[in-house]
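What follows is each chain in one-letter form.
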2 protein chains.
Amino acid sequence: MIERIPPRSGAAFELPRGSALTVYDPEGMQVSDLVAYSANDIREVISNGRTFDYEETIRLTSGNRLWSNRSRVMLTIEQDTVGCHDFLLTPCSVDTFRHFYPDKPEHRGCFGNLAAALAPYGVEPDAIPTAFNLFMNVPVDTSGSVSVLPPPSQAGDHIVLRAKMDLIIGLTACSAYASNGGSFKPIDYRIDTAA
Amino acid sequence: MIERIPPRSGAAFELPRGSALTVYDPEGMQVSDLVAYSANDIREVISNGRTFDYEETIRLTSGNRLWSNRSRVMLTIEQDTVGCHDFLLTPCSVDTFRHFYPDKPEHRGCFGNLAAALAPYGVEPDAIPTAFNLFMNVPVDTSGSVSVLPPPSQAGDHIVLRAKMDLIIGLTACSAYASNGGSFKPIDYRIDTAA
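Residues numbered from 1 in each chain as written. Chains lettered and ligands numbered in written order. Predicted model: local features only at pLDDT ≥ 70, side-chain atom pairs only at ≥ 80, totals over all residues. Heavy atoms only, no water.

### A closer look at the overall build of chain A
- Within chain A, the regular secondary structure consists of three helices and 11 strands.
- Overall, chain A shows an N-to-C arrangement of helices and strands of β-β-β-β-β-α-β-β-α-α-β-β-β-β.
- Its C-alpha radius of gyration of 15 Å places chain A within 12% of the 16 Å reference for a compact globule of 195 residues.
- The C-alpha extent of chain A, read off along each of the three principal axes, is 50 × 40 × 30 Å.
- In chain A, the share of contacts with a sequence separation of at least 24, taken over all contacts with a separation of at least 6, comes to 75%.
- When the accessible surface of chain A is totalled, it reaches about 7,400 Å², and 49% of it is carbon and sulfur.
- Looking at chain A, you have 16 positive and 23 negative side-chain charges, and the mean spots of the two groups are 2 Å apart. (Helix = DSSP H or I, 4+ residues; strand = E, 2+ residues; numbered from the N terminus. Rg over C-alpha atoms; globule rule 2.2 N^0.38 Å. Contact = heavy atoms within 4.5 Å. Areas by Shrake-Rupley, 256 points an atom, 1.4 Å probe, with all protein chains shown as cover. Lys, Arg positive; Asp, Glu negative; His and termini not counted. Charge placed at Lys NZ, Arg CZ, Asp CG, Glu CD.)

### Some words on the interface of chain B and chain A
- The interface is formed by 33 residues belonging to chain B together with 33 residues belonging to chain A.
- Between chain B and chain A lies a buried interface of about 2,800 Å² when both sides are counted; carbon and sulfur atoms form 48% of it.
- Contact with chain A buries area across many residues of chain B, yet Arg50, Tyr54 and Asp126 of chain B alone supply 19% of it, more than any other trio.
- Scanning the region where chain B abuts chain A turns up six salt bridges.
- Among the ionic pairs, Asp126 of chain B bridges to Arg70 of chain A, the shortest N-O distance being 2.6 Å.
- Linking chain B with chain A are 21 residue pairs in polar contact (both at pLDDT 80 or more).
- Broken down by element, the side of chain B that touches chain A gets its largest block of residues, six residues, from helix 1 (residues 48-55) of chain B. (Buried area = accessible area lost by both parts, 1.4 Å probe. Salt bridge = Lys/Arg side-chain N within 4 Å of Asp/Glu carboxyl O. Polar contact = N/O pair within 3.5 Å; in protein donor to acceptor, adjacent residues only side chain to side chain.)

### Digging into helix 3 (residues 109-118) of chain A
- Taking burial as the measure, the 10 residues of helix 3 of chain A include nine buried ones, the bulk of the element.
- Among all positions in helix 3 of chain A, only Gly109, Cys110, Phe111, Gly112, Asn113, Leu114, Ala115, Ala117 and Leu118 of chain A are buried.
- Looking at the buried positions of helix 3 of chain A, the neighbouring elements they touch are strand 2 (10-15), strand 4 (32-38), helix 2 (94-100) and strand 10 (167-172) of chain A together with helix 1 of chain B. (Buried < 20%, exposed > 50% of the residue type's maximum accessible area, 1.4 Å probe, protein only.)

### As for unusual backbone geometry
- Residue Glu56 of chain A is not a glycine yet carries a positive backbone phi of 60°.
- On the secondary structure map, Glu56 of chain A appears in the loop between helix 1 (48-55) and strand 6 (65-67).
- You can call Glu56 of chain A partly exposed: its relative accessible area is 40%.
- With a phi close to 70°, Phe135 of chain B is a non-glycine residue in the positive phi region.

### As for the packing of aromatic side chains
- All told, the structure shown has 18 aromatic pairs over all chains when counted by the stated rule.
- Here Tyr101 of chain A and Tyr177 of chain A contribute two aromatic rings whose centre-to-centre distance is 4.8 Å and whose plane-to-plane angle is 65°, an arrangement assigned as edge-to-face. Here the residue Tyr101 of chain A occupies a position in the loop between helix 2 and helix 3, and Tyr177 of chain A occupies one in the loop between strand 10 and strand 11 (187-192), the gap between them amounting to 76 residues.
- According to the relative accessible area criterion, Tyr177 of chain A is buried, its value standing at 16%.
- Site record: aromatic cluster; members linked through ring pairs are Phe97, Tyr101, Tyr177 and Phe184 of chain A.
- Against the face of Tyr177 of chain A rests Lys104 of chain A, its NZ or CZ located 4.5 Å from the ring centre.
- Positioned over the ring face of Phe111 of chain A is Arg50 of chain B, at 5.4 Å from the centre of the ring. (Phe/Tyr/Trp six-rings, centres within 6.5 Å; stacked < 30°, edge-to-face > 60°. Lys NZ or Arg CZ within 6 Å of the ring centre and 35° of its normal.)

### Details of the relation of the copies chain B and chain A
- For these two chains of identical sequence, chain B goes onto chain A by a turn of 180° and a shift of 0.0 Å along the axis, with RMSD 0.0 Å. Between the two chains, the operation in question is that of a two-fold axis. (Least-squares fit on C-alpha atoms with pLDDT ≥ 70 in both.)

### So, the pattern of salt bridges
- With the rule as written, the count across this model stands at 28 salt bridges over all chains.
- Residues Arg50 of chain A and Asp53 of chain A are paired through a salt bridge, measuring 3.5 Å at the closest nitrogen-oxygen approach. With Arg50 of chain A and Asp53 of chain A both in helix 1, this residue pair falls three residues apart, about one helical turn.
- A salt bridge links Arg72 of chain B to Glu44 of chain B; the nearest nitrogen and oxygen atoms lie 2.8 Å apart. In this pair, Arg72 of chain B is assigned in the loop between strand 6 (65-67) and strand 7 (73-80) and Glu44 of chain B in strand 5 (residues 41-45), connecting sequence segments 28 residues apart.
- By relative accessible area, which is 1% here, Glu44 of chain B ends up buried.
- Linked through salt bridges whose partners overlap, the residues forming this network are Asp41, Arg43, Glu44, Arg70 and Arg72 of chain A together with Glu124 and Asp126 of chain B.

### Focus on the side chain of His85 of chain B
All names here are of chain B.
- The residue His85 is located in the loop between strand 7 and helix 2 (94-100) in this model.
- Of the residues examined, His85 reaches a relative accessible area of 3% and is grouped as buried.
- Among the polar contacts made by the side chain of His85, one reaches the main-chain amide nitrogen of Phe135 at a distance of 2.9 Å.
- Excluding residues within four positions of it along the chain, His85 makes contact with Arg59, Leu60, Asp80, Phe132, Asn133, Leu134, Phe135, Met136 and Ile159.

### Quick look at the sheet that holds strand 11 (residues 187-192) of chain B
Residue and element names in this part refer to chain B.
- Pairing within the open sheet is antiparallel, and its six strands lie in the order 1-11-3-9-7-6. Across the chains shown, the open sheet's two edge strands, defined by having one partner strand only, are strand 1 (2-5) and strand 6. On average, adjacent strands in this sheet sit at an angle of 25° to one another, irrespective of strand direction.
- Direction of pairing for strand 6 relative to strand 7: antiparallel, over a ladder of three bridges. Counterpart to Arg65 in the pairing with strand 7 is Thr76. (Pairing = 2+ DSSP bridges. Axes fitted to C-alpha atoms, helices over the stretch in contact; angles between N-to-C directions.)

Spelled out as structure tokens, the structure:
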């Protein structure tokens, strides 16, 4: 069964070890921020630094693993029809809206949406790390400069992640202007539990 | 007064708002991992993602700011005689030694050294984030692949960081083989409090 995350909102759910999480971009050119915690101890959390350490790349796609701050594999990427994701930047927030869009209405952003969705699991806002930003297009040039371009994902594109431990997942339909080409769209996901 | 961090060890100390921290590579080609916490609430911690967001680069040097997970500036880089630092990779640890150096003796690494030094301040090991790795040479190629090369720092090279809030700092003399060209050396630092 496919669940829908409405535009500019977020969700949190349990993902048991062995199950597959498929995240779809149903309309194309939309970003979804993903964070993960061990269901047994939420102090164990997805880590961009540990993932860059062990995968030896900042460009993660099929075959790559997403690691925790305790050097354990949380998720593996099994399928990826886009091959463009970001693990450098943090979820958009009230503060990033003030900084990057001073003329736009404020919004709690993916950060606020993740904080609200994860609160029932005991996750405090300060414990929201740099997210794995699905479909987000963040090139790094030879000088190290980072830019945010529209995602290359098209309607129906998706990524399949397999849980390697019991997890709590936070997932959003991104609220920022730059990351999705200026239009706010939903994100769909499906959980297939292990047989 | 210059303090010395012996090879393969770490230190933690308070750095009041307005003071300057100078970190020296006294012999050259050595790395020092730096982490920072708000002295008023250690849940506020240095964040590579927030720093990449606001500085719009992964290559940080004089004039750049280091941001917290609460979107506040913790430190500014006032001087930098090297211009080569890493904010992608996590401190070396027992786990990274097992992974990258299976034939070498295990070592608790910068992670273990930071955990021990920060424990008196109430910082748990899980709360050690991706560090700002001074003098560390981590090129990212056009495909996104990350490598670890010897630091370009020479004896006496240094960086000056100014505290923008009351901080607790963790600082190491790196324990890993690849990051410092295979030789373990000390790191020196000096604190100049505001007049």
